Each structure stands twice: as structure tokens, then as C-alpha cells.
Amino acid sequence: MKKSNNEVRIVPPVLRGVEAGSELFCELLVNDDEVDCRSFSREVVDGVDLLEVNVSSCVFDHVSFPGCRFREARLTDVLFENCDLSNVDLSGSVLFRVEFRACKLMGTNLSDGVLNNVLFRHCNARYMNLSMGRLKQVLFAHGDMQGSALESCRLEAVAFDTCSLVEAEFSRTSLKGIDLTSSRLEGLRLGVGDLRGVIVSPVQALDLTRYLGLVVKDV
């Protein structure tokens, strides 16, 4: 089990029986929309556009997915390490026990998705889109999430540990009980109600007073 600064527990992927085969991931998708118990390394999956792909008990190491669309995919027990999923369309997807380690997720579209026991660690996730998503047991750790969108999300047991949330969008997303003390918050986009119950440092609280329409004057 992994713990963040506010005790969110993440169950890691179950990867028993994973084997490295000679076939490429894109080759397997040609014949089937379900891939399981496989390991893929140093592959370029270019321009694949499939609906409702099922991937389970798989490891992706140094795999890039330029121009790919996997809408309404289901990923269960999957590890992505040093992968590039920038601008990949995963909208409407379900992720269960999935880890992203040191991955590029710039502009990745996970909107309207369901994320349960998902870890993002040391990822470049600038402008990642998680809007309208349901996130439960999700940890964002040591990542760059500048300009990311978490609008109209439902968050349950979600933590941000040492992340850059500069100019991130949280409108209509309740941050009650979420600890942001270790993260950068400059230029957040949200409403007063979204801040109710959020945990911040005194310095962060001073910066967030602008959402309350307050003017702080030195005396």
C-alpha cells in the first residue's frame, strides 16, 4: 500500500503471469480488442483509433501512443512506465488499479472517466483533462499538472502530493478535505464554494483570499 500526505491508500496493479511476447501491442489490437497478461517495451503505437478496448494485467515500458484514440477503454491492473500518452483520447474510460510512472500525459483526455486506485507519479501531466470524472482512491504525486482540467469532478479519497497545480481548473469540483499544502496553487480557476473545507497552508490561504473578494492590507 502507498500513502500520501493525507493518508490516501492506493492498491497497486496485480501483474501476475505477465509475459513478454514477440507481437507488438498494435498487432494484437488488429485481431482482438482485448489484451491481457502481456508486457510491451520500446514500441510506437501510431494513430490507432478503437472503441471499448480492454487491457488487463499488462506492462508498458517506454511505449508511445502518438495520435491514438481509445475512447471508453477499460484498463485493469496496468502499469505505464516512461511512456508517452500525450494527447491520447481516453475519454469515457474506466481505470482500475493503474499506475503511471514518469510518463508524459500532456493534453491526455481522460474526461468523463472513472478512476479507481490510480497512481500518477513523477508525470508531466500539463493540460491533462479529467473533467466530469469520478475519481476514487487516486494519488497525484510529484507531478506537473499546470493548466490541467478537473472541472465538475467527483473526488473521493484523492490526494495531491507535491504537485504543480498552477492555473488548474477546479470549477464545480468540491475540494473539501483535500490537502493541498505541499502543492503550488497559483492562478487556480474555481469558485468560492469549491474551496469550502480544503486544507491549505497559511501562505496559500492568503493567496486564496482573492476568491472571497477580500483585500488584504499591510498595517
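The structure under discussion appears in the preceding block.
Analysis parameters
Residues numbered from 1 in each chain as written. Predicted model: local features only at pLDDT ≥ 70, side-chain atom pairs only at ≥ 80, totals over all residues. Heavy atoms only, no water. Pairing = 2+ DSSP bridges. Helix = DSSP H or I, 4+ residues; strand = E, 2+ residues; numbered from the N terminus. Disulfide = S-S within 2.5 Å. Buried < 20%, exposed > 50% of the residue type's maximum accessible area, 1.4 Å probe, protein only. Phe/Tyr/Trp six-rings, centres within 6.5 Å; stacked < 30°, edge-to-face > 60°. Salt bridge = Lys/Arg side-chain N within 4 Å of Asp/Glu carboxyl O.

Notes on the sheet that holds strand 6 (residues 74-81)
Spatially, the eight strands line up as an open sheet ordered 3-4-5-6-7-8-9-10, and their pairing is parallel. Whereas interior strands pair on both sides, the edge strands pair on one side only; in this sheet they are strand 3 (19-20) and strand 10 (154-161). Of the pairings in the sheet, the one linking strand 5 (residues 54-61) to strand 6 comprises seven bridges and is parallel in character. When the bridges of strand 6 are listed, valine 59 appears paired with leucine 79.

Overview of the state of the cysteines
Tallying each qualifying case throughout the model produces zero disulfides. Just so you know, cysteine 37 is unpaired, no disulfide at all, and the nearest cysteine sulfur is the one on cysteine 58, 7.0 Å from it. Looking at cysteine 37, the relative accessible area reads 28%, which means it is partly exposed. Cysteine 123 carries a free sulfur, and the closest cysteine sulfur to it, the one in cysteine 103, is 4.9 Å from it.

Digging into the pairing of strand 4 (residues 34-41)
It is a general feature of regular strands that their side chains alternate between the two faces of the sheet. Both strand 3 and strand 4 contribute to a ladder of two bridges, which runs parallel. Within strand 4, the residue paired with glutamate 19 across the bridge is arginine 38. Inspection of the sheet shows strand 4 paired to strand 5 by seven bridges, in the parallel sense. Paired with aspartate 36 across the two strands is serine 56, which belongs to strand 5.

Remarks on the packing of aromatic side chains
Note on aromatic pairs: each is described by the distance of the centres and the angle between the planes. Applying the stated criterion to the full structure yields 13 aromatic pairs. Look at phenylalanine 25 and phenylalanine 40: their rings are 5.2 Å apart centre to centre, the planes differ by 70°, and that puts the pair in the edge-to-face class. Note that phenylalanine 25 is positioned in helix 1 (residues 25-31) and phenylalanine 40 in strand 4, a separation of 15 residues in sequence. Overall, phenylalanine 40 belongs to the buried group, its relative accessible area being 2%.

Concerning the pattern of salt bridges
Scanning all chains against the criterion turns up nine salt bridges. The shortest N-O distance in the salt bridge between glutamate 156 and lysine 136 comes to 4.0 Å. Taken together, the positions of glutamate 156 in strand 10 and lysine 136 in strand 9 (residues 134-141) put the pair 20 residues apart, joining distant regions of the chain. By relative accessible area, which is 44% here, glutamate 156 ends up partly exposed. Judged by its relative accessible area of 36%, lysine 136 falls in the partly exposed class. For the salt bridge of arginine 172 with glutamate 151, the shortest nitrogen-to-oxygen distance reads 2.1 Å. In this pair, arginine 172 sits in the loop between strand 10 and helix 2 (202-208) while glutamate 151 sits in the loop between strand 9 and strand 10, placing the two residues 21 residues apart along the sequence. When its relative accessible area of 57% is taken as the criterion, arginine 172 is described as exposed.

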